Amino acid sequence: MNTLLAALCLFAGWTLLYFASAGTRSKLGDTAPRPATCKMAALLLALAAFALCTVSQGPGMGSLLWLALLSACAFAVVGVATWAPQALLRLGRRQRQ
């Protein structure tokens, strides 16, 4: 269960970094989240995932698991951004108040 939660944290973190990129920000327009906020949240999610992995698997295997999940989730975000970009862009749009 901790591994799945760590993978979800890393996927969300990579998605936030995708939102912080200049190309994505131009597609989202005024509804784009701030890049600094996205980067800070992505860092916190990555640290949370690292903590989950090391607590559940120990420091050695947990670090290796975290690195594997980091790569796998980055590949997943790139895949979704390539084949279904509107799915991620819908997540990045926030409602105007």
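Data block above holds the structure.
Trainee: Explanation requested: helix H4 (residues 59–83) in the structure shown.
Mentor: Three- or four-residue spacings in an α-helix give side chains the same orientation, since the helix completes a turn every 3.6 residues. The terminal C-alpha atoms of H4, which comprises 25 residues, lie 36 Å apart, in line with the 36 Å expected from a rise of 1.5 Å per residue. Burial in H4 covers these residues: Gly 62, Leu 65, Trp 66, Leu 69, Cys 73, Ala 74, Val 77, Gly 79 and Ala 81.

Trainee: When you look at the environment of Leu 17 in this model, what are you seeing that I'm missing?
Mentor: As for its placement among the helices and strands, Leu 17 is situated in helix H1 (residues 2–20). In this structure Leu 17 comes out as partly exposed when scored by relative accessible area, which is 35%. Along the sequence, Leu 17 and Leu 5 sit twelve residues apart, while their C-alpha atoms lie 18 Å from each other. Not counting residues within four places of it along the chain, the set of residues in contact with Leu 17 comprises Lys 39 and Ala 42.

Trainee: Just checking my understanding: could you explain the side chain of Thr 15 for this structure?
Mentor: Note on placement: Thr 15 falls in helix H1. Take Thr 15: its relative accessible area is 6%, and that puts it in the buried class. Residues in contact with Thr 15, not counting those within four places in the same chain, are Val 77 and Leu 88.

Trainee: I'm lost on the packing of H1 against helix H3 (residues 35–57) in this one. Help?
Mentor: The relative placement of two packed helices comes down to the angle between their axes together with the axis-to-axis distance. At their nearest, the axes of H1 and H3 sit 8 Å apart, and the two run at 160° to each other. By the criterion of interaxial angle, the relationship of H1 to H3 is roughly antiparallel. Remark: the crossing between H1 and H3 carries left-handed chirality. Here Asn 2, Leu 5, Ala 6, Cys 9, Leu 10, Ala 12, Gly 13, Leu 16, Leu 17, Phe 19 and Ala 20 of H1 come into contact with H3, specifically with Pro 35, Cys 38, Lys 39, Ala 41, Ala 42, Leu 45, Ala 46, Ala 49, Leu 52, Cys 53 and Ser 56.

Criteria and cut-off values
- For every chain, the first residue of the written sequence is number 1, and numbering continues from 1 along that sequence.
- The predicted nature of this model means local features are confined to residues of pLDDT at least 70 and side-chain atom pairs, given and counted, to a pLDDT of 80 or more, with totals for whole chains, interfaces and linings taken over all residues.
- Computation of side-chain values covers all heavy atoms of the structure but excludes hydrogens and water.
- In this text, helices come from DSSP runs of H or I with a minimum length of four residues, and strands from runs of E with a minimum of two, each type numbered from the N-terminal end.
- Given a helix with a known number of residues, its expected span is that number minus one, times 1.5 Å.
- Three labels apply to residues, based on accessible area from a 1.4 Å probe with only protein chains included: buried if under 20% of the type maximum, exposed if over 50%, partly exposed otherwise in between.
- Whether two residues are in contact is decided by their heavy atoms: any pair within 4.5 Å suffices.
- Axis angles are defined between N-to-C directions and span 0 to 180 degrees, where every axis is a line fitted to C-alpha atoms and, for a helix, only to the segment in contact.
- Here roughly perpendicular refers to angles of 65 to 115 degrees, roughly parallel to angles under 35, roughly antiparallel to angles over 145, and oblique to all remaining angles.
- We call a crossing left-handed when the near helix sits turned anticlockwise from the far one by less than a right angle, and right-handed when that turn is clockwise.

Everything listed is a geometric property; what it means functionally is a separate question.
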